[in-house]
Amino acid sequence: MPGLLLGDVFPNFEAETTNGQIKFHDFLGDSWGILFSHPRDYTPVCTTELGRAAKLSGEFSRRNVKMIALSIDSLEDHRGWTKDILAYNNEESGCEFPFPIIADSQRELAVALGMLDPDEKDKEGMPLTARCVFVIGQDKKLKLSLLYPATTGRNFDEILRVVDSLQLTAKNRVATPADWQPGERVMVPPNIPEEEAAAMFPAGIYSKELPSGRKYLRYTPQP
Ligand code: BEZ
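Note that the structure is a prediction, hence the values are computed from the model and not measured. (Residues numbered from 1 in each chain as written. Predicted model: local features only at pLDDT ≥ 70, side-chain atom pairs only at ≥ 80, totals over all residues. Heavy atoms only, no water.)

1. Some thoughts on the sheet that holds strand S11 (residues 206-207)
Across the sheet, three strands lie side by side as S10-S12-S11; this open sheet has antiparallel pairing. Where the open sheet ends on each side, the last strands, each with one partner, are strand S10 (186-187) and S11. Strand direction decides the pairing type here: S10 and strand S12 (residues 218-220), joined by two bridges, are antiparallel. Residue pairing across strands places Met187 opposite Tyr219, the latter belonging to S12. (Pairing = 2+ DSSP bridges. Helix = DSSP H or I, 4+ residues; strand = E, 2+ residues; numbered from the N terminus.)

2. Quick notes on the state of the cysteines
Applying the stated criterion across every chain, the model contains zero disulfides. Left without a disulfide partner, Cys46 is nearest to the cysteine sulfur of Cys132, which lies 13 Å away. Take Cys46: its relative accessible area is 1%, and that puts it in the buried class. (Disulfide = S-S within 2.5 Å. Buried < 20%, exposed > 50% of the residue type's maximum accessible area, 1.4 Å probe, protein only.)

3. With respect to the side chain of Ser165
Residue placement: Ser165 occurs in helix H6 (residues 156-171). What makes Ser165 buried here is its relative accessible area of 13%. For Ser165, the contacting residues outside a window of four places in its chain are Thr176 and Trp180. (Contact = heavy atoms within 4.5 Å.)

4. Comments concerning H6
The end-to-end C-alpha separation of H6 is 23 Å, in line with the 22 Å expected for 16 residues at 1.5 Å each. Of the positions making up H6, those classed as buried are Phe156, Ile159, Leu160, Arg161, Val162, Val163, Asp164, Ser165, Leu166, Gln167 and Leu168. Where H6 begins, the side chain of Asn155 points an oxygen toward the backbone nitrogen of Asp157, at a separation of 2.9 Å. (Expected span 1.5 Å × (residues − 1). Polar contact = N/O pair within 3.5 Å; in protein donor to acceptor, adjacent residues only side chain to side chain.)

5. Things to note about the packing of aromatic side chains
For the structure shown, the criterion picks out nine aromatic pairs. Directly above the aromatic system of Phe27 lies the positively charged group of Lys66, at a separation of 5.2 Å from the ring centroid. Arg185 extends its terminal NZ or CZ atom over the ring of Tyr219, reaching a point 3.6 Å from the ring centre. (Phe/Tyr/Trp six-rings, centres within 6.5 Å; stacked < 30°, edge-to-face > 60°. Lys NZ or Arg CZ within 6 Å of the ring centre and 35° of its normal.)

6. Some points on the UniProt feature "active site" (unreviewed entry) in the protein
As recorded in UniProt, the sites labelled "active site" (unreviewed entry) are Cys46. Take Cys46: it is sitting in helix H2 (residues 44-55). If we ignore the near neighbours within four places in the chain, the residues touching Cys46 are His38, Pro39, Arg40, Trp81 and Arg131. (UniProt positions renumbered as here; feature names shortened; annotations may be inferred.)

Shown next, in the form of structure tokens:
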């Protein structure tokens, strides 16, 4: 059964977080958003992930992206665990954790958003949250989703890279190739006819010659 699909308006859920009660769309305001779940507080891989996410929080805010995490733990656990994460990051004690974490101990939101991992269970045999990532645009629509199992930690530099691609391609009719990094050349999408593309990209288009003779590998400098 499909869950949330790309282009769906993200649910405007209410939740209790370490920064108080929120209504998701109000929390986002005019910003982009990243909502990401982790299996459990006080666990090793999750600590490295939230530590890395906290270290990169300035990069996300520079891109106008609001971050929010979620797991099926209580507010009390979140508050205690974030102190450990800050210590793992060698931050001074007393520092504020840079983004809120949703407490979803009844698993209501995790079920509604399709975040549970049937292969990872707690002591009572109840499923834990998988490592799910949703990127939400300023129009409140889902722009990207990732789903990793509990045993594989995510790469938050890659998540920043996809945000850069999503924001670039939201403003310009271009696509970014494999392993693209900001500033590198981008691709002209196949649905733009040659004459239109020439007018649209005054910086020039380079087409790679291919055995098929088809000119579909078209590059242009990043707008
Ligand atoms: C972890 O974060 O280390 C973890 C959590 C649940 C299952 C496996 C690993």
